[in-house]
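What follows is each chain in one-letter form.
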Amino acid sequence: IPYELFLLSLQVPEIIGTLRQASKSSARNNDITPFPTNFAKKFEVLFCGRVSVAHKKAPPALIDECIEKFSQLHSGAVGNGADGSFNTGTRPLFKKEPSFSSLHGLDENGLSPEISNANTTDPHTLSTKVQPSNLQENRTMLFTVGRSQIYLVSPDTKKVAIEKSFREISFCSQGIRHVDHFGFICRETVEGGNGHFVCYVFQCTDESLVDEIMLTLKQAFSVAALQQNAKTQSQQCDVCPMQQLHRLCERIEGQNPSKTKLELQRHMASLDNEEQAQIFENTMRACPKSDQEENELVMVSLRNLYEEKQKHHQHTVPGEAKQVPLGGLRARLHSSSSVPNFLKFQFLAPVQENDCPEPKKRAASVVGQSPLRSHRHSWRQQIFLRVSTPQKGTDSSGKKTKYFTSKSLCPLMFMPEEAAKKSKEELRELWRKAILQQILLLRMEKENQKLQASENNLLNKRLKLDYEEITPCLKDVTLVWEKMLGTPGRAKVKFDTETIHAAVAQGVPRQHRGEIWKFLSEQYLLRQTVPARPPSNPTPYKELLKQLTSQQHAILIDLGRTFPSHPYFQAQLGAGQLSLYNILKAYSLLDPEVGYCQGLSFIAGVLLLHMGEEDAFNMLKFLMYDVGIRKQYRPDMIILQIQMYQLSRLLHDYHRDLHGHFEQQEIGPSLYATPWFLTLFASHFPLGFVARVFDMLFLQGPEVIFKVALSLLGSHKPLILQHDSLESIVDFIKTTLPNLGLVQMEKTINQVCEMDVSKQLQAYEVEYHVLQDELQDTPPTLNQQQRAAQLERTNQSLRQQNLDLLEELQVCHARVCNLEGQVEVLAQSESRLKEQVSALEEEKQQLETTVTQLQNLLTSLGIHPTSLDGLTLLPPSDTQKASEGLDVRTADPEHPALPQGS
């Protein structure tokens, strides 16, 4: 046990580090950053990776060099483990190059690593200098440029992966050789307070998209700078602390680092001792290597100090007794008029409003530890006293440790002197207890995450189904649906069509609607004798999400227009919009011919409200390919024109007065019915009605759209006929007609269940093609006689086609008769075989009767069947003779049969 404890104590730092990292990752996964509601422009990019760089400015070839390093890793410079992580071992990945001199280590996911010290000589750290993002994961991001920040939202995890304000970004660049790549450099801060520069690299679909992103960034930075300058000028007075910092920046503008350092020293002499000590401690803790770095650190501390003073500053401008608002003061040093060129503070780490609230107390406690600090000294005297006076960081041998380190400063300052040292056993027990408590805490966090995920799923499901049903589903009908859904192997079981039609007509339970749609799609496929043409791209859904789409602009624009009043889709780039984006993006990659067309977002949205993301994609693919609505979204839109003609002909046949009224006002069906067909009524009608239309669509196919449109127009015919102008009629159809009452909606669905227009639709489609051919073949200048001759020839051609079809029908009828004759012959043969079988069965019964009689005869002669086992069987000839003699003796009663031995 002591040896195990010793080994455990050696592994304690590594274990604690792993636990802390896991805890941070868990907290980061749970933290869902709210997305801003103001305007933002969005682009889809592929996250390639991130690299730590040495400076805020980068050489022009930085992006290209990063991509080459990523390619080296992906192409086999290191082994790729089974989990997709890179196994580097201890072998260096590449040699250091002068043009790319400072690359630091990254973590395993490429998103938020704990950067180690840049001066480390650990070979394992050196071997992981560049690491791209994991190819096995979904690396697509929505690059969102807001008014003052940049967000990278992951459509896969539905969370904000990266969030950077404009003040944190110091450099943006596009690849030279890889023109479809770009990246930006920003400053990040680690736990010890040290900052480092990180370059994020992204890929786009083409060069034009990169150019658009770079132009958008330039415009956003310019607008933000102008707004900040105007805001800063209106919120400052002559004695503001920030104005003092502004004047200091003007004095050091353009000076070399040594002169800048002297000017900063003169300025710090005007501060009190406590403020000087605080700035000195912050500077020495970072261990600057040059005057330039020391000047930058001093300016950071001065900025923090003056911003803190600005919070409590009262303006002295006459007529203004109101305290200045504090929002935006942190970014005032962005303007070129208030910051020297060599100290642009975009690269500086962000300063939080409530970050590190105890530096002043810490400085005061340090001052209070030495009696010599009770007097007021200049900051130079304090440096002298700090060097000449023995400190707690000095051991008995005279060797001095670094007094200001990020890890040892806090424990030394707050550890009581009288605290007794603990024994090794006590320390080991404390470590063991801490580890167990941390493990227990992580387990509890995982359980809380599961519970939270389950609660979120229930909340999302309740949020999705937030609409009013028009046909309440009774309990008995619900039981019927549950019985059909629970049938084992239902995907291969063909249910009775009438039963399914009756169940759909009586209602579909809202909580089971998504599963019922999948069930209806399975039955639809089982009823089809000729399968539809499958997609040419068999890529799975998860793999499609890892690719970039060229249709991103159209999809992103329509996200906010799809069900804008529904709570599931209201949040900008919320879970609903991101799931919808994934479905539309995947389909645009699956079907390049159609890509994305306006209207598909509403269909995908309805499906997404009733099922999961991948199931909704599969149902969209079913509707497009198997049901056949894909044809109306083709670029030429010919099928949509045919549908408009079919609807117009249905109106002419069923509601001739309404059709005449439309013709009188020159209102074609494309003016009001196009969104009905492209969105399946989802863009204008209530969701409860749309859900019932989808019920019928999965059951009967695309002809449901015509029946619903015909029923709606026919039921509102009296109201439509009252309007006498084109504008009023179209406005009534688009605005008033969708606001149906529940009774009218249910009546419409009942009419749809009873109507059958399939034959008319087929005839109208043929009619459309014939008319189209006539218009194409007919010359533009024809007199009446020529026109009549043309029609006569067309009529003769149609008659000939009818005759040909009649001949084919007769041939088919003869084949059917022949097959029926064969069936009769087979039936007769079957009857003869049955007769033979019955005769053989009768013969078998007779033989069984004969055997029974023989057994009885043997019994009467005193020969038991059991005694025959010991007798020697005679040959067949002898047996026949014996049986004949037995028959003769038996037939003569006067000569009874004698035993065989007499």
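Residues numbered from 1 in each chain as written. Predicted model: local features only at pLDDT ≥ 70, side-chain atom pairs only at ≥ 80, totals over all residues. Heavy atoms only, no water.

Undergrad: Help me out: how do you make sense of the overall build of the chain in this one?
TA: The helix and strand tally for the chain stands at 32 helices and ten strands. The buried share among the 902 residues of the chain stands at 40%. When the accessible area of the chain is evaluated, it comes to approximately 50700 Å², of which 55% is carbon and sulfur surface. (Helix = DSSP H or I, 4+ residues; strand = E, 2+ residues; numbered from the N terminus. Buried < 20%, exposed > 50% of the residue type's maximum accessible area, 1.4 Å probe, protein only. Areas by Shrake-Rupley, 256 points an atom, 1.4 Å probe, with all protein chains shown as cover.)

Undergrad: So what exactly am I meant to see when it comes to the packing of helix α19 (residues 575-590) against helix α20 (residues 600-610) here?
TA: What describes two packed helices is the angle between their axes and the distance between those same axes. One way to put it is that α19 packs onto α20 with a least axis distance of 10 Å and a crossing angle of 120°. Between α19 and α20, the interaxial angle falls into the category oblique. Between α19 and α20 the crossing geometry is right-handed. Only Leu-600, Ser-601, Ala-604, Gly-605 and Leu-608 of α20 make contact with α19, whose side of the interface consists of Gly-576, Ser-579, Leu-580, Ile-583, Leu-584 and Tyr-587. Its residues assigned to classes, the contact of α19 with α20 shows seven nonpolar, four polar and no charged. (Axes fitted to C-alpha atoms, helices over the stretch in contact; angles between N-to-C directions. Parallel < 35°, antiparallel > 145°, perpendicular 65-115°, else oblique. Left-handed = near helix turned anticlockwise from the far one by under 90°. Contact = heavy atoms within 4.5 Å. Nonpolar A, V, L, I, M, F, W, Y, C, P; charged D, E, K, R; others polar.)

Undergrad: I tried to follow the packing of aromatic side chains on my own but got confused; where do I start?
TA: Working definition: an aromatic ring pair is given by the centre-to-centre distance plus the angle between the planes. For the structure on display, the rule yields 27 aromatic pairs. Judged by centre distance (5.4 Å) and plane angle (90°), the ring pair of Phe-143 and Phe-182 falls under edge-to-face. With a gap of 39 residues between them, Phe-143 in strand β5 (residues 140-145) and Phe-182 in strand β9 (residues 181-189) connect regions that are remote in the sequence. Its relative accessible area of 1% is what places Phe-182 among the buried residues. Taking the centre distance of 4.5 Å and the plane angle of 90° together, the rings of Phe-166 and Phe-221 count as edge-to-face. Residue Phe-166 is found in the loop between β7 (159-165) and β8 (169-174), and its partner Phe-221 is found in helix α4 (residues 207-234); the two are separated by 55 residues along the sequence. By the ring-pair criterion, three or more aromatic residues cluster together here, those being Phe-47, Phe-143, Phe-182, Phe-184, Tyr-200 and Phe-202. Sitting above the plane of the Tyr-467 ring, Arg-510 keeps its charged end 5.4 Å from the centroid. (Phe/Tyr/Trp six-rings, centres within 6.5 Å; stacked < 30°, edge-to-face > 60°. Lys NZ or Arg CZ within 6 Å of the ring centre and 35° of its normal.)

Undergrad: When you look at the pairing of β7 in this model, what are you seeing that I'm missing?
TA: Within a regular strand, side chains alternate between the sheet's two faces. Relative to β7, strand β6 (residues 149-154) runs antiparallel, the two sharing six bridges. Paired with Ser-154 across the strands is Lys-159, a residue of β7. With antiparallel pairing between neighbouring strands as the criterion, β6 and β7 make up a hairpin whose turn holds four residues, including Lys-158 at a positive phi of roughly 60°. (Pairing = 2+ DSSP bridges.)

Undergrad: What's the story with the environment of Val-730 in this structure? I'm lost.
TA: Within the secondary structure, Val-730 is located in helix α28 (residues 726-736). For the pair Val-730 and Tyr-672, spaced 58 residues apart in sequence, the C-alpha separation works out to 6.5 Å. Ignoring sequence-local partners within four residues, the contact set of Val-730 consists of Ile-667 and Leu-671.

Undergrad: What's the story with the nonpolar core in this structure? I'm lost.
TA: One broad rule of soluble globular proteins: the nonpolar side chains tend to lie buried together. Among the nonpolar cores identified, the biggest contains 111 residues, and Trp-481, Leu-600, Leu-607, Leu-623, Trp-676 and Phe-694 are the most heavily contacted of them. Among the elements that line this core, the one with the most residues is helix α25 (residues 687-700), at ten residues. Ile-150, Phe-166, Phe-182 and Val-198 belong to the second-largest nonpolar core, a separate cluster that totals 25 residues. (Core = buried A, V, L, I, M, F, W, Y, C linked by side-chain atoms within 4.5 Å.)

Undergrad: Could you clarify how one ought to interpret the pattern of salt bridges in this entry?
TA: Note that side chains of opposite charge can pair when their charged atoms are close. Taken as a whole and judged by the stated rule, the model has 29 salt bridges. The partner of Arg-649 in a salt bridge is Glu-767, and the shortest N-O contact between them spans 2.8 Å. Placement of Arg-649 in helix α22 (residues 638-654) and of Glu-767 in helix α30 (residues 758-777) is noted, with a sequence separation of 118 residues between them. The exposure class assigned to Glu-767 is partly exposed, which follows from its relative accessible area of 27%. Between Asp-657 and Lys-717 there is a salt bridge whose closest N-O contact spans 3.6 Å. In this pair, Asp-657 is assigned in helix α23 (residues 656-664) and Lys-717 in helix α27 (residues 717-721), connecting sequence segments 60 residues apart. By sharing partners, the salt bridges in this structure join Arg-490, Glu-515, Lys-518, Glu-522 and Asp-615 into a single network. (Salt bridge = Lys/Arg side-chain N within 4 Å of Asp/Glu carboxyl O.)

Undergrad: Help me understand a nonpolar patch on the surface, please; the structure alone is not making it clear to me.
TA: Where nonpolar side chains cluster on the molecular surface, the patch consists of Leu-854, Leu-857, Leu-858, Leu-861 and Ile-863 and spans about 400 Å² of accessible area. Residue position: Leu-854 is located in helix α31 (residues 784-860). (Patch = residues over 30% accessible without salt bridge, like charges linked within 9 Å, V, L, I, M, F, W, Y side chains within 5 Å.)

Undergrad: Honestly, the environment of Lys-585 in this entry has me stumped. Any pointers?
TA: Examined against the element boundaries, Lys-585 turns out to sit in helix α19. According to the relative accessible area criterion, Lys-585 is buried, its value standing at 0%. Residues Lys-585 and Gln-552 lie 33 residues apart in sequence; the distance between their C-alpha atoms is 7.2 Å. If we skip the residues at most four places from it in the chain, Lys-585 touches Glu-44, Thr-140, Leu-544, Leu-545, Gln-547, Thr-549 and Ile-555.

Undergrad: Explanation requested: the packing of α25 against helix α26 (residues 703-715) in the structure shown.
TA: Direction vectors running N to C along α25 and α26 enclose 135°, while the axes themselves pass 8 Å from each other. Overall, the two elements α25 and α26 adopt an arrangement that is oblique. The chirality of how α25 crosses α26 is right-handed. Here Phe-689, Val-693, Met-696, Leu-697 and Gln-700 of α25 lie close against α26, whose contacting residues are Glu-703, Val-704, Lys-707, Val-708 and Leu-712. Residue composition of the contact of α25 with α26, grouped by class: seven nonpolar, one polar and two charged.

Undergrad: Help me understand the side chain of Thr-478 in this model?
TA: Within the fold, Thr-478 resides in helix α13 (residues 475-485). Overall, Thr-478 belongs to the buried group, its relative accessible area being 12%. Thr-478 has contacts with Cys-473, Pro-509 and His-512, leaving out every residue within four places of it along the chain.

Undergrad: What am I meant to see in the pairing of β9 here?
TA: By the criterion of burial, β9 is predominantly enclosed, with eight of the nine residues buried. Sheet analysis places β8 next to β9, joined by five bridges and oriented antiparallel. When the sheet's bridge partners are listed, Ser-173 is paired in β9 with Gly-183. Two successive antiparallel strands, β8 and β9, enclose a turn made up of six residues. Strand direction decides the pairing type here: β9 and strand β10 (residues 195-203), joined by nine bridges, are antiparallel. Its bridge partner being in β10, Thr-189 is matched across the sheet by Gly-195.

Undergrad: For this particular structure, what's the right way to read the environment of Asp-272?
TA: With respect to the element layout, Asp-272 can be found in the loop between α6 (257-268) and α7 (273-285). Here Asp-272 falls in the partly exposed class, since its relative accessible area comes to 31%.

Undergrad: Any chance you could explain the confidence of the model for the chain here in plain terms?
TA: Any residue range with low pLDDT should be treated as having predicted coordinates unsuitable for detailed reading. Residues of the chain with pLDDT of at least 70 account for 72%, and the chain-wide mean is 76. Per-element confidence in the chain is highest for α20, whose mean pLDDT is 95, and lowest for strand β3 (residues 86-87), whose mean pLDDT is 36. The low-confidence segment residues 1-13 (pLDDT under 50) makes nine contacts with residues lying over four places distant or belonging to another chain. Note that pLDDT drops below 50 for residues 23-37; the model gives that stretch 24 contacts with residues more than four away or on any other chain. (pLDDT = per-residue confidence, 0-100.)

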